[in-house]
Amino acid sequence: MFCKSSIVKLLLLFLLSIAIDNTRCDSDYDEEDSTAAPVTEGEGEGVDARGHRPVNRQREPIPTLRPAPPPPSGGFRYRARPTKAPARGQAVKQIVYPDIGGCRHASEELGVLCPTGCELQTALVKQEKTVKPAIADLDKKIRDLERSSATFYEFANQLDQRLIKRQKQIRDNENVISEFNKEIEQHYVFIKDNLDSNMPSNLKILRSIVDTLHQKLQKLENVVTSQLDGCHAPCTVSCNIPVVSGKECEDIVRKGGETSELYLIQPDPIFKPYKVYCDMTTENGGWTLIQNRQDGSVGFGRTWDSYKKGFGNVAFSGGKNYCDTPGEYWLGNDRISQLTKIGPTEVLIELEDWNGDKVKANYGRFSVQGEANKYQLSVSNYKGTAGNALMEGASQLQGVNRTMTVHNGMFFSTFDRDNDRWTTDAKKQCAKEDAGGWWYNRCHSANPNGRYYWSGVYTPDMTKHGTDDGVVWMNFKGSWHSLKKVSMKIRPVFQQ
Ligand SMILES: *[C@@H]1O[C@H](CO)[C@@H](O)[C@H](O)[C@H]1NC(C)=O
Ligand SMILES: [Ca+2]
């Protein structure tokens with residue numbers, strides 16, 4: 001038999017624990033699109049700006065700037081564009097490069113992946129891994145709660161019985177027990193109230209959380225399944241390649257190419273032509289797309305050789321019979337270097353966050369040295385709204401911390417080729433920790449080739465190394481917002 005006060009204590013304790021558990025649930029659980037997670041961005045107190053790797057002043061020299069090589073002097077220069085473009089189709093002999101089925105193009109260095117994105121599937125499966133234990137945990141909690149609630153009901157029942165007994169006793173000996181009875185009746189009402197109102201609603205909240213998680217898992221599973229299907233069936237990419245061709249996209253504009261789509265270009269007659277996406281609309285067009293991120297369908301954590309040759313999907317058809325939609329790709333360091341060496345070249349970097357806000361960075365001069373010089377980067381003449389990350393480093397950092405996030409003058413690094421400025425220790429590699437191939441310093445203020453995080457905001461515990469390895473442009477959204485879209489486009493400099 002339970003004595004009255006111990007039951008009451010037990011029940012109160014139990015209700016209290018539910019209440020605590022409930023509030024904890026409210027704050028721990030973030031719906032995926034909610035704004036509950038704090039976003040660290042901009043300047044000010046408490047900003048968790050990452051990007052750099054602090055110096056141990058006793059043992060390491062203070063980082064300095066490395067001078068960037070001057071941009072190519074001379075070389076080929078366009079005159080201002082003629083006011084009216086000549087008639088379309090200065091017939092270049094049409095070269096037919098057949099798609100050979102599957103995901104492979106004739107020019108193998110590019111477009112060897114499914115545009116449907118087997119990589120996306122891998123990413124999804126990874127995310128699923130973190131959701132599953134969370135659900136298991138919640139499931140357990142609910143089961144515990146259900147068990148406890150069963151006990152709870154039992155207590156209440158016993159109490160009921162006791163009340164009936166007491167009432168009988170009251171009838172027998174009313175004077176003796178009336179006071180005690182009143183008290184126990186009050187407790188009974190209190191407990192009954194709580195039982196009816198709190199318990200079911202608590203259970204309901206937890207249930208709905210589990211249901212949502214289950215639904216999410218279901219969605220993930222569906223996506224993964226459909227991705228798998230897409231990967232089983234060979235995806236045929238067939239787009240009509242325009243008749244107009246040229247050295248690069250500016251050349252194509254001048255020959256009458258008007259639409260933004262996939263073109264064949266041949267910057268150097270010694271090398272065979274290859275496919276690129278030309279942006280013919282943004283800021284007067286003529287842009288050769290060298291880098292593009294938009295949906296995470298292509299993994300960018302790749303080898304030196306892969307970055308050298310280029311990877312990803314150049315373009316696909318958005319319903320038309322030509323490839324009007326760019327894919328995610330890296331044009332390739334050899335090609336980028338070669339294009340920037342023809343003559344003075346500018347780069348336009350466009351960024352978009354997950355709120356749809358867009359900014360850009362334009363460098364009036366952009367050049368990349370050859371492989372012998374580790375594809376050293378040189379940029380100058382910044383203008384734009386994104387912040388001059390490449391030349392000035394992360395705006396959130398000060399002093400040496402900022403210096404070590406400057407990219408101008410840096411060599412290219414990949415996880416298998418460490419050319420960064422962060423020691424020679426094999427364990428300390430920017431490309432490994434920050435997940436992409438890039439002109440890492442120690443390490444970055446901008447990381448356009450980083451890991452793609454769906455929905456943008458991410459935290460150190462979601463990353464592999466606890467570093468800000470997302471698609472980051474610190475001067476725009478800080479370290480912990482991985483951008484939705486990034487693209488880099490180049491164009492020969494000419495008089496506007
Ligand atoms: C550089 O960053 C470290 C932490 O990452 C901080 O302790 C240090 O004060 C910073 N130095 C400057 C000059 O801001
Ligand atoms: Ca290093």
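Structural data are supplied above this passage.
Report follows, based on the coordinates. (Residues numbered from 1 in each chain as written. Chains lettered and ligands numbered in written order. Predicted model: local features only at pLDDT ≥ 70, side-chain atom pairs only at ≥ 80, totals over all residues.)

### Re the site of ligand 1
Taken together, P54, Q398, G399, V400 and N401 make up the full set of residues adjacent to ligand 1. Of the residues contributing to the shell around ligand 1, the split by class is 2 nonpolar, 3 polar and no charged. (Near = placed C-beta within 6 Å. Nonpolar A, V, L, I, M, F, W, Y, C, P; charged D, E, K, R; others polar.)

### Points about the nonpolar core
Y263, V276 and W473 are the most contacted members of the largest nonpolar core, which has 69 residues in total. Excluding residues that lie within four positions of it along the chain, V276 makes contacts with Y263, I265, T288, L289, V314 and L331. (Core = buried A, V, L, I, M, F, W, Y, C linked by C-beta atoms within 7 Å. Buried ≥ 20, exposed ≤ 12 C-beta atoms within 10 Å, placed from the backbone. Contact = placed C-beta atoms within 7 Å.)

### Some remarks on the environment of V55
Relative to the helices and strands, V55 is located in the loop between α1 (4–28) and α2 (118–172). Through-space distance from the C-alpha of V55 to that of M404 is 9.7 Å; in sequence the pair is 349 residues apart. For V55, the contacting residues outside a window of four places in its chain are E60, I62, P63 and V400. (Helix = DSSP H or I, 4+ residues; strand = E, 2+ residues; numbered from the N terminus.)

### Observations concerning the pairing of strand β13 (residues 485–492)
Within β13, 7 of the 8 residues are buried, leaving the element largely enclosed by the surrounding structure. In terms of strand pairing, strand β3 (residues 287–293) meets β13 through 5 bridges, oriented antiparallel. Bridging across to β13, T288 finds its partner in I490. Where strand β8 (residues 345–352) and β13 come together, 8 bridges link them in antiparallel fashion. Along β13, the bridge assignment pairs E346 with R491. (Pairing = 2+ DSSP bridges.)

### Looking at helix α6 (residues 333–342)
Among the residues of α6, N333, R335, I336, L339 and T340 are the ones counted as buried. All buried residues of α6 lie within an arc of 165° about the axis, which places them on one face of the element. Buried-residue contacts for α6 involve β3, α5 (304–309), β8, β9 (358–368) and β13. (Arc of directions from axis to C-beta.)

### Let's talk about the pairing of strand β2 (residues 274–279)
The buried fraction of β2 is high, at 6 of 6 residues. Taking every second residue as pointing to the same face, both faces of β2 are buried, with Y274, V276 and C278 on one and K275, Y277 and D279 on the other. Sheet topology note: the strand β1 (residues 261–265)/β2 ladder contains 5 bridges and is antiparallel. Bridging across to β2, L264 finds its partner in K275. One ladder, built from 2 bridges, connects β2 with β3; its direction is antiparallel. In the strand pairing of β3, D279 is matched with W287.

### A look at the environment of Y188
With respect to the element layout, Y188 can be found in helix α3 (residues 174–232). Its 16 C-beta neighbours within 10 Å are what place Y188 among the partly exposed residues. For the pair Y188 and D160, spaced 28 residues apart in the sequence, the C-alpha separation amounts to 8.2 Å. Residues within four places of Y188 in sequence aside, it is in contact with L159 and L163.

### Let's talk about the environment of V253
Note on placement: V253 falls in helix α4 (residues 249–254). On a C-alpha basis, the gap between V253 and G286 in space is 5.7 Å, while along the polypeptide they are 33 residues apart.

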